[in-house]
Amino acid sequence: MSRKYWRFSSYDKKQSAELAYTYGYDEFAVLLLNSRGVDNPEDIAEFLDGDTEFSSPFLIKDMDKAVNRIKRAVDAQEKIAVYGDYDADGVTATALLYSYLETIGADVTYYIPSRIEEGYGLNKDAVDKLCGEGVQLIITVDNGINSVSEAEYINSRGVGLVITDHHRPGKVMPLAEAVVNPHREDDTSPFKDLAGVGVAFKLAAALEDGDCETIIDSYADIIAIGTIADIVPMKGENRMIAVRGVEAVNNSDRPGIIALKSGAGYKDRDITASGLAFSIAPRINAAGRIESAVTALRLLLTEDIDEAVSLAEKLDGFNALRQETEAGIVDEVIERIENDEKLKYSRVIVAEGENWHAGVIGIVASKLVDRYGKPAMVIAKDSSGEAKGSCRSIDGFSLFDALSASSDVLERFGGHTLAAGFSVKDENIDLFRNKINEYADKLPVFYPVLNLDCRLNPASINMDLIDSLTLLEPFGAENPQPVFGLCKVTLCSVKPLGAAGKHIKLCFEKGGAQFSAVYFGMSADAFPYEAGDVIDIAVTVDKNEFRGEIKAGIYVKDVKLSSFDDDKYFASEALYEKARGGGILSEKERAFVCPDRAFCASVFRFIKKRGSCCADAEIISVKLGFGSERTCRVRIALDAFCELGLINCNNGVYKVSGNSEKVSLGSSVILKNLGYRE
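Residues numbered from 1 in each chain as written. Predicted model: local features only at pLDDT ≥ 70, side-chain atom pairs only at ≥ 80, totals over all residues. Heavy atoms only, no water.

### A short note on the pattern of salt bridges
Then, in step 1: Under the definition given, this model contains 41 salt bridges.
Then, in step 2: Its salt-bridge partner being Asp 408, residue Lys 435 comes within 3.7 Å of it at the nearest N-O pair. Of this pair, Lys 435 sits in helix 18 (residues 429–441) while Asp 408 sits in the loop between helix 17 (399–405) and strand 10 (412–415); the two residues are 27 residues apart in sequence, bridging distant segments of the chain.
Then, in step 3: For Arg 433, the salt bridge identified is with Asp 430, shortest N-O distance 2.7 Å. In this pair, Arg 433 and Asp 430 both sit in helix 18, three residues apart, roughly one turn of the helix. (Salt bridge = Lys/Arg side-chain N within 4 Å of Asp/Glu carboxyl O. Helix = DSSP H or I, 4+ residues; strand = E, 2+ residues; numbered from the N terminus.)

This is how it looks when you write it as structure tokens:
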């Protein structure tokens, strides 16, 4: 995992206490809201009391036109096609609108394009197919706003088109009888952050004469899954959808929902918004990534429990295959990066491969961001000559802006600040990689950030605190599960957890009191800290039920030595990457980054003394007394040792090689390039 910059939120403790006392709210909940910018009585009341009401769907531009056109089609028994998308948002939006239209007597069918064969949005072959089936009106959900040429084609075929979408419109509005999108420049509706299924919900409510309550009562489970899966801001109307929807999922009699919960391990227990995001949504998404999203759609629509169980088992299989496929590509990409210095030390990783599954490359890009702490773009090439790319980013680097700046070498692109997709001709991939990195080189230093709500004394973590946290649920985008800093705690012990030892239990001491925390996904062998280290830990807090007893559980998200300096580290890391990536260094930079013989000797002795060392360069630098600012110099020394065969590095673990031959540091190409002299 890459090092993150810890950013603590600011808040007014006195103001929070006064507001809590005056209005009778939980003080800690109000403090956390204050740290997130919710700091006036009206907004606090709306958040904690759930006082938000669904705004009228008719406030969205063109909603009246959409309703009139659809009602005409229903009354005339025109054949209607709901045209969706292959992710969880698109699938749930399709299920919602198809189900609703069916209940009001419409002649309705559905269509979801293949992610691999057709790609996102409307396409002319699909339109031809629907026209051949007698479709007279197409209603898009979660797509269509940028399908300008396809909309014109639909019009030329004499077919009606109603677009509902939540993605940002382009410069040209598609030709349609209604374009329902809260992000239109001429839209004045009060809530803009609906997911695609949220816009479909508003359309169904408008068809029900504006009655949002009737629709939410009938479809809250489906609407919530798509809303939570699409990572839209968990505030306002989305928060209402999630609150109502989580309850509906836990009480749903919909066979598909029951089967999905059971397959995800929630047969006999309630699921949370996090469970929907990390257990249910990936199963729905896996259908579109691996085979066809129609399988997931059929699961949501079926009224037969046996069919639901069978379809849910298929989704479980798709999800397992997705994980296996993704892991294989991740391993291949990492090996390629580690053996290509230009790729590894570029500011943006752009990696391509033959016959990589285009359905999982977005997840692969996310894994690379986690590992390397920089934007990553993964490109799947096939025999067509036009490759598909998916990318993920970090704060400070907008993918949409970067792709826009490189659009002259792309066939098409779209997306958001932190997630996007594109297609590029095979022969332009190298040019694209260079352009993206030239663009990135002009930007200030950017790095991954871990946002923490506040510092806590470990002694204050109890069930009362957890009760306060539950007032903020459900968690999601712009309302994440709170992360706390437990600072200057002394590590006492590290113990493996689980049969395979894939997790660890950490025991700490502070002020004479002891406490423990669990670090999932971290093995004892890979944990770089030792008993006695004074460290800071970033944690979440939740209920921990064991053998019928419920206690407050502490779960580690990140760890660092208390003496680490984030600003100095990231400046040092930028200099290291510049040096190793072939950037032009000033004489001052060269002198700063290049270790001398005495420095190298100190680093070598540190590794040799421990026999096997999984400490990273910053830990070594700080423990040797050089501070975070010399991390770059330690990394250069370690790279030179590995180059000369003095040290071996395997999965981040350094070990003296035992090579008995005398080796001169001056023979290192890495050191020579930096002007090293014996």
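Past the structure itself, the notes keep going.
### A word on the environment of Met 234
Then, in step 1: Within the secondary structure, Met 234 sits in the loop between helix 9 (212–229) and helix 10 (236–250).
Then, in step 2: The exposure class of Met 234 is buried, given its relative accessible area of 2%.
Then, in step 3: A sequence separation of 239 residues divides Met 234 from Glu 473, and the C-alpha atoms of the two residues are 9.5 Å apart. (Buried < 20%, exposed > 50% of the residue type's maximum accessible area, 1.4 Å probe, protein only.)

### Regarding the state of the cysteines
Then, in step 1: Scanning the entire structure with this criterion turns up zero disulfides.
Then, in step 2: Summary of cysteine pairing: Cys 600 is not part of a disulfide, and the nearest cysteine sulfur, belonging to Cys 594, is at 7.6 Å.
Then, in step 3: The thiol sulfur of Cys 632 is not disulfide-bonded, and the nearest other cysteine sulfur, from Cys 594, lies at 10 Å. (Disulfide = S-S within 2.5 Å.)

### Thoughts on unusual backbone geometry
Then, in step 1: Going from Glu 473 to Pro 474, the amide bond is cis rather than trans, its omega being 0°.
Then, in step 2: Tracing the sequence through the fold places Pro 474 in the loop between helix 19 (463–470) and strand 14 (484–497).
Then, in step 3: Residue Gln 77 is not a glycine yet carries a positive backbone phi of 55°.
Then, in step 4: On the secondary structure map, Gln 77 appears in the loop between helix 4 (63–75) and strand 2 (79–83).
Then, in step 5: A relative accessible area of 44% means that Gln 77 is categorised as partly exposed.
Then, in step 6: Within the chain, Ile 231 stands out as a residue other than glycine whose phi angle is a positive 55°.
Then, in step 7: With respect to the helices and strands, the residue Ile 231 is situated in the loop between helix 9 and helix 10.
Then, in step 8: On the basis of relative accessible area, Ile 231 is assigned to the exposed category, the value being 62%.

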